[in-house]
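Structural features, examined
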Amino acid sequence: MKLTTQAFGKTDIGVVRKNNEDNFGYDTRAGIFVVCDGMGGQAAGEVASKIAVDTVLAYFRQEEKKGSEVLGRQISEVSELANSLAHAIQLANQAIREASAHDGASAGMGCTIVAARVEGDLFSIAHVGDSRIYLIRGGAIQQLTIDHSLVMEQVRRGMITMEEAEHFEMQNVIVRALGSEDSVEADLADLTLEEGDTLLLCSDGLSRYVKDERMMELINGKDLEEACDGLIEAAKAGGSDDNITCLLIHAVQHSWSGRLFRRRGDDKQSST
């Protein structure tokens, strides 16, 4: 059975911040979906996140023409699909570093990234930082990424429990990001997509303030746009003091009408 995807994303400045440093983009025809959360002084965070999203989208649009640049090592443990995400993220990191070096106002800027590449009934994911990817399948939700954050480092080392981590004072301290070093290592994984699956890519302005079970309630059985609206409002109601971004990808059975008529949101460049 062939699968195709429907997608919808939304970003919101939130109730505290004066500018939105989150950015997202997707192209269902190229099968690429990205969410970034910027960091840096002034407006530098939103510059970094936009550079990252634009670079990754451009990479896969160019890949269709068989002209993509390959940057970084080939990782034998994962698929070509996952390796292509790693290469695109290396290019995004390089682009942010170059922009930062040429503009003093943007010095030190960076961003997190989560990205998914879908091809039929297979998908690969990559992430750097504490933005997340979740899989909603049937009546269950599963977090597919592990935050590159100080608090999760403490959990991994057995210094604190997951319950204690929820109340950790420095929740927003990340230990890996695009733009901080000359090269960056993305965590990669390959998974199988099933009909009815929904992937959620989001910034921590959502994931830190809405419990997993509540996310699933707001997504299951809902129109994608309605679900995004519900997730953002739930984060605000939960006390989110950050920008909030969510991008939903839903797997459906392929139909000939999907090839004849372009669906709304098939080619979403980016949004801040």
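Residues numbered from 1 in each chain as written. Predicted model: local features only at pLDDT ≥ 70, side-chain atom pairs only at ≥ 80, totals over all residues. Heavy atoms only, no water.

**Comments concerning the overall build of the protein chain**
Scanning the protein chain from N- to C-terminus turns up eight helices and eleven strands. Taking all 272 residues of the protein chain together, 50% fall into the buried category. Taking contacts inside the protein chain between residues at least 6 apart in sequence as the whole, the part at least 24 apart equals 72%. Carbon together with sulfur atoms contributes 48% to the accessible area of the protein chain, which is approximately 12800 Å² in total. (Helix = DSSP H or I, 4+ residues; strand = E, 2+ residues; numbered from the N terminus. Buried < 20%, exposed > 50% of the residue type's maximum accessible area, 1.4 Å probe, protein only. Contact = heavy atoms within 4.5 Å. Areas by Shrake-Rupley, 256 points an atom, 1.4 Å probe, with all protein chains shown as cover.)

**Some points on the confidence of the model for the protein chain**
Across the protein chain, the average pLDDT comes to 88, with 82% of residues at or above 70. Here residues 257–265 is modelled with pLDDT under 50, and outside its nearest four sequence neighbours on either side it reaches 14 contacts, counting other chains as well. (pLDDT = per-residue confidence, 0-100.)

**What to know about the pairing of strand 3 (residues 32–39)**
In regular strands, side chains alternate between the two faces of the sheet. Along strand 3, seven of the eight residues are buried, which leaves the element largely enclosed by surrounding structure. From the end of strand 2 (residues 22–27) to the start of strand 3, which pair antiparallel, there are four residues, and Gly 31 there has a positive phi angle of about 70°. With eight bridges connecting them, strand 3 and strand 4 (residues 110–119) associate as antiparallel partners. For Asp 37, the partnering residue across the bridge sits in strand 4 and is Thr 112. (Pairing = 2+ DSSP bridges.)

**Brief notes about the state of the cysteines**
One pass over the structure, following the stated rule, counts zero disulfides. Cys 246 supplies the cysteine sulfur nearest to Cys 202, a cysteine that is in no disulfide, at a spacing of 7.7 Å. Residue classification places Cys 202 among the buried residues on the basis of a relative accessible area of 0%. Its sulfur unpaired, Cys 246 is 3.6 Å from the next cysteine sulfur, which belongs to Cys 228. Accessibility expressed as a relative area gives 1% for Cys 246, which makes it buried. (Disulfide = S-S within 2.5 Å.)

**Side note on the pattern of salt bridges**
All told, the structure shown has 14 salt bridges when counted by the stated rule. Linking Arg 176 and Asp 187 is a salt bridge whose minimum nitrogen-to-oxygen distance equals 3.2 Å. With Arg 176 in the loop between helix 4 (162–165) and strand 8 (187–192) and Asp 187 in strand 8, the pair connects residues that are eleven residues apart, well separated along the chain. Owing to a relative accessible area of 27%, Arg 176 belongs among the partly exposed residues under this scheme. Asp 204 is the partner of Arg 208 in a salt bridge, and the nearest nitrogen-oxygen pair spans 3.1 Å. Within the structure, one salt-bridge network assembled from shared partners comprises Asp 12, Glu 233 and Lys 236. (Salt bridge = Lys/Arg side-chain N within 4 Å of Asp/Glu carboxyl O.)

**Remarks on the pairing of strand 1 (residues 3–12)**
Summarising burial for strand 1: seven of the ten residues are buried, a large majority. Of the strand pairs in this sheet, strand 1 and strand 10 (residues 244–253) are connected by ten bridges, and their pairing is antiparallel. Residue pairing in the sheet places Asp 12 in a bridge with Ile 244 of strand 10.

**Brief notes about the environment of Arg 214**
Along the chain, Arg 214 turns up in helix 6 (residues 212–219). Here Arg 214 falls in the partly exposed class, since its relative accessible area comes to 40%. For the pair Arg 214 and Ile 141, spaced 73 residues apart in sequence, the C-alpha separation works out to 9.9 Å. Of note is the side chain of Arg 214, whose polar atom sits 3.1 Å from the side chain of Glu 217. (Polar contact = N/O pair within 3.5 Å; in protein donor to acceptor, adjacent residues only side chain to side chain.)

**Side note on the side chain of Ser 131**
As for its placement among the helices and strands, Ser 131 is situated in the loop between strand 5 (122–128) and strand 6 (132–137). Reaching out from Ser 131, the side chain makes a polar contact with the side chain of Thr 112 at a distance of 2.7 Å. In this view, Ser 131 contacts Asp 37, Thr 112, Val 114, Thr 145, Cys 202 and Ser 203; residues no more than four positions away in its chain are not counted.

**Section: the packing of helix 1 (residues 44–63) against helix 2 (residues 80–102)**
Axis separation between helix 1 and helix 2 bottoms out at 8 Å; the angle between their running directions is 135°. Of the possible angle classes, the one that applies to helix 1 and helix 2 is oblique. Here the hand of the crossing between helix 1 and helix 2 comes out right-handed. Contacts between helix 1 and helix 2 involve Ala 48, Ile 51, Ala 52, Thr 55, Val 56, Tyr 59, Phe 60 and Glu 63 on the former and, on the latter, Ser 84, Leu 85, His 87, Ala 88, Leu 91, Ala 92, Ala 95, Ile 96 and Ala 99. Residue composition of the contact of helix 1 with helix 2, grouped by class: 13 nonpolar, three polar and one charged. (Axes fitted to C-alpha atoms, helices over the stretch in contact; angles between N-to-C directions. Parallel < 35°, antiparallel > 145°, perpendicular 65-115°, else oblique. Left-handed = near helix turned anticlockwise from the far one by under 90°. Nonpolar A, V, L, I, M, F, W, Y, C, P; charged D, E, K, R; others polar.)

**Let's talk about the environment of Ser 79**
Within the element layout of this structure, Ser 79 appears in the loop between helix 1 and helix 2. Considering only alpha carbons, one finds Ser 79 and Ser 124, 45 residues apart in sequence, at a separation of 8.1 Å. The contact partners of Ser 79, leaving out residues within four places of it in the chain, are Ser 124 and Asp 190. Engagement of the side chain of Ser 79 in a polar contact is seen with the backbone nitrogen of Ala 82, the distance being 3.2 Å. A distance of 3.5 Å separates a polar atom in the side chain of Ser 79 from a polar atom in the side chain of Ser 124.

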